[in-house]
Amino acid sequence: MARVLRLPDKGRLLVCTDLQGCMRDFNRMVEIFEQALIAHAGDAHLLFTGDLIHGPHIEPEDWPDFLGEYYRDQSGEVMIAYAGLAAQYPGRVHALLGNHEHGHIGGPHTAKFAADEVALLEHILGPSATARMRGIIHTFALAAVSRCGAIFTHGAPAAVVESVADLEAADLSGAGYASPLDVLDTPVVGKILWARSATEGEARRFLRAMGGTMSIYGHDVIPEGFEKVGDEQIVVSTSFGVFDTNKIYVSLDLSGKYRGVQDLRIGHELLPLYPDKAPARLGGRAKAS
Ligand SMILES: [Mn+2]
């Protein structure tokens, strides 16, 4: 796979962060994407920024509030549906690697909802579906760049890189490390997949190296839907850990120029996943209660 995805210079781009096996939100994002294809004469793109997999297996009565809207993990189904969508719209559906996907292709195994989520999902899927899923994950990039100024990664832009070439050369296999956990300490892959925050200096350095003006990522949960950090960073929560009322996706004009995250406006570039449930302050139509 190409480590760095270069998005085209025109068309509409929709961005969805961490799904963690939520099929309903995946389907909703597909619906929004297909509406955008119609609205933009077929010129739309859909980008998932990683962690499409590994959700909770919890009964409704045991579900804690901090996990947001109730759902049941459907990681295997989400991956197959992603591959189907990418095949249906060639060159228009893209995904970045998240720390949860990385565990299946050489990275450290995550332990968010199970002692070993990689082993659990591969057990549920069985050998042939696991092989198919790994094949899909191998098509995921480590970052996406665009002429409009937006740079996309799974985690915060804390990686120390001099240029896009440093990402192109990144080793994801884990083969060079004594333990997969050592990946966490690496300055490029470890940061891109695991960093929850970046200082202003780190973000500016990363954006300069990548040729962008603003960094858009997920990985962390923002219960309010999104959080701008300084002029260069925005953390977006489209699905996991958030209630339907606050789920946010990003919509960008790839032929535009964004100077920074101050150019991202609610109701324009920042949009509610479920507008009928979202309050007006998030661009929704729900009546205040
Ligand atoms: Mn993550």
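Quick look at the structure, then. Just so it is clear, the structure is predicted and the values come from calculations on it, not from any experiment. (Residues numbered from 1 in each chain as written. Predicted model: local features only at pLDDT ≥ 70, side-chain atom pairs only at ≥ 80, totals over all residues. Heavy atoms only, no water.)

This brings us to the overall build of the chain. Scanning the chain for helices and strands turns up seven helices and eleven strands. For 289 residues, the compact-globule estimate of 2.2 N^0.38 gives 19 Å, and the C-alpha radius of gyration of the chain, at 18 Å, lies within 12% of that figure. Considered along the principal axes of its C-alpha atoms, the chain spans approximately 50 × 50 × 35 Å. Scored against the burial criterion, the 289 residues of the chain give a buried share of 56%. By sequence separation, contacts in the chain at least 24 residues apart represent 71% of the contacts at least 6 residues apart. About 12,000 Å² of surface is accessible on the chain, with carbon and sulfur atoms providing 54% of the total. Here the chain contributes 26 positively and 36 negatively charged side chains, and the mean placements of these two sets differ by 7 Å. (Helix = DSSP H or I, 4+ residues; strand = E, 2+ residues; numbered from the N terminus. Rg over C-alpha atoms; globule rule 2.2 N^0.38 Å. Buried < 20%, exposed > 50% of the residue type's maximum accessible area, 1.4 Å probe, protein only. Contact = heavy atoms within 4.5 Å. Areas by Shrake-Rupley, 256 points an atom, 1.4 Å probe, with all protein chains shown as cover. Lys, Arg positive; Asp, Glu negative; His and termini not counted. Charge placed at Lys NZ, Arg CZ, Asp CG, Glu CD.)

In this section: empty space enclosed by the protein. Applying the stated criterion across every chain yields a total of two cavities of 30 Å³ or more. Its volume calculated, the largest cavity comes out at about 60 Å³. Lining the largest cavity, in full, are His54, Gly55, His57, Asp73, Ser75, Phe113, Ala114, Glu117, Leu120 and Leu121. Top element by residues in the lining of the largest cavity is helix α4 (residues 117-137). It accounts for three residues. Per-class residue counts for the lining of the largest cavity are four nonpolar, four polar and two charged. Volume-wise, the second largest cavity comes out at about 30 Å³. Looking at the second largest cavity, the residues that line it are Thr17, Asp18, His219, Asp220, Val221, Ser237, Thr238, Ser239 and Phe240. (1 Å grid on protein atoms, 1.4 Å probe; cavity = no way out; pocket = protein on both sides within 12 Å on 5 of 7 lines; lining within 4 Å. Points joined across faces, edges and corners; volume = space filled by probe spheres on them. Nonpolar A, V, L, I, M, F, W, Y, C, P; charged D, E, K, R; others polar.)

On to the pairing of strand β8 (residues 226-229). With four bridges connecting them, β8 and strand β9 (residues 233-236) associate as antiparallel partners. Residue Lys228 lies in a different strand from β9, and its bridge partner there is Ile234. Turn length for the β8-β9 hairpin, with the two strands adjacent in sequence and antiparallel, is three residues, and the turn residue Gly230 shows positive phi of about 60 degrees. (Pairing = 2+ DSSP bridges.)

In this section: the sheet that holds strand β10 (residues 248-253). Read from one edge of the open sheet, five strands run β4-β3-β2-β10-β11, paired in mixed fashion. Of all strands in the sheet, those with a lone pairing partner are β4 (93-95) and β11 (270-272), marking the two edges. Ignoring strand direction, the axes of neighbouring strands in this sheet form an average angle of 25 degrees. As paired strands, strand β2 (residues 12-16) and strand β3 (residues 44-48) are joined by five bridges and run parallel to one another. Following the sheet pairing, Leu13 is matched in β3 by His45. Those strands touched by helix α1 (residues 23-39) are β2, β3, β4 and β10, and its axis lies near 160 degrees from that of β3. Sheet strands touched by helix α2 (residues 75-88): β3 and β4. Its angle to β4, the strand with the most contacts, is close to 140 degrees. (Axes fitted to C-alpha atoms, helices over the stretch in contact; angles between N-to-C directions.)

Next up on the list: the packing of aromatic side chains. One pass over the structure, following the stated rule, counts seven aromatic pairs. Look at Phe48 and Tyr82: their rings are 5.8 Å apart centre to centre, the planes differ by 85 degrees, and that puts the pair in the edge-to-face class. In this pair, Phe48 sits in strand β3 while Tyr82 sits in helix α2, placing the two residues 34 residues apart along the sequence. Tyr82 carries the same exposure label as Phe48, and that label is buried. Residues Trp63 and Tyr70 carry aromatic rings whose centres are separated by 4.8 Å and whose planes lie at 75 degrees to one another, so their mutual orientation is edge-to-face. Accessibility expressed as a relative area gives 31% for Tyr70, which makes it partly exposed. (Phe/Tyr/Trp six-rings, centres within 6.5 Å; stacked < 30°, edge-to-face > 60°.)

Let us now look at the side chain of Asn99. One can find Asn99 in helix α3 (residues 99-102). You can call Asn99 buried: its relative accessible area is 3%. With residues up to four places along the chain from it excluded, the contact list for Asn99 reads Asp51, Thr110, His154, Leu193, Trp194 and His219.

A separate point is the coordination of the manganese ion. The protein atoms donating to the manganese ion are Asp51 (OD), Asn99 (OD1), His154 (NE2) and His219 (ND1), with metal-donor distances spanning 2.0 to 2.2 Å. For the manganese ion, the donor residues sit on a single chain with the sequence spacing D-x47-N-x54-H-x64-H. A residue pair is termed long-range when its members are at least 10 positions apart, and Asp51 in the loop between β3 and α2 and His219 in the loop between β7 (214-217) and β8 qualify at 168 residues. The exposure class of His219 is buried, given its relative accessible area of 6%. (Donors = N, O, S within 2.8 Å, 3.2 Å for Na, K, Ca; no water.)

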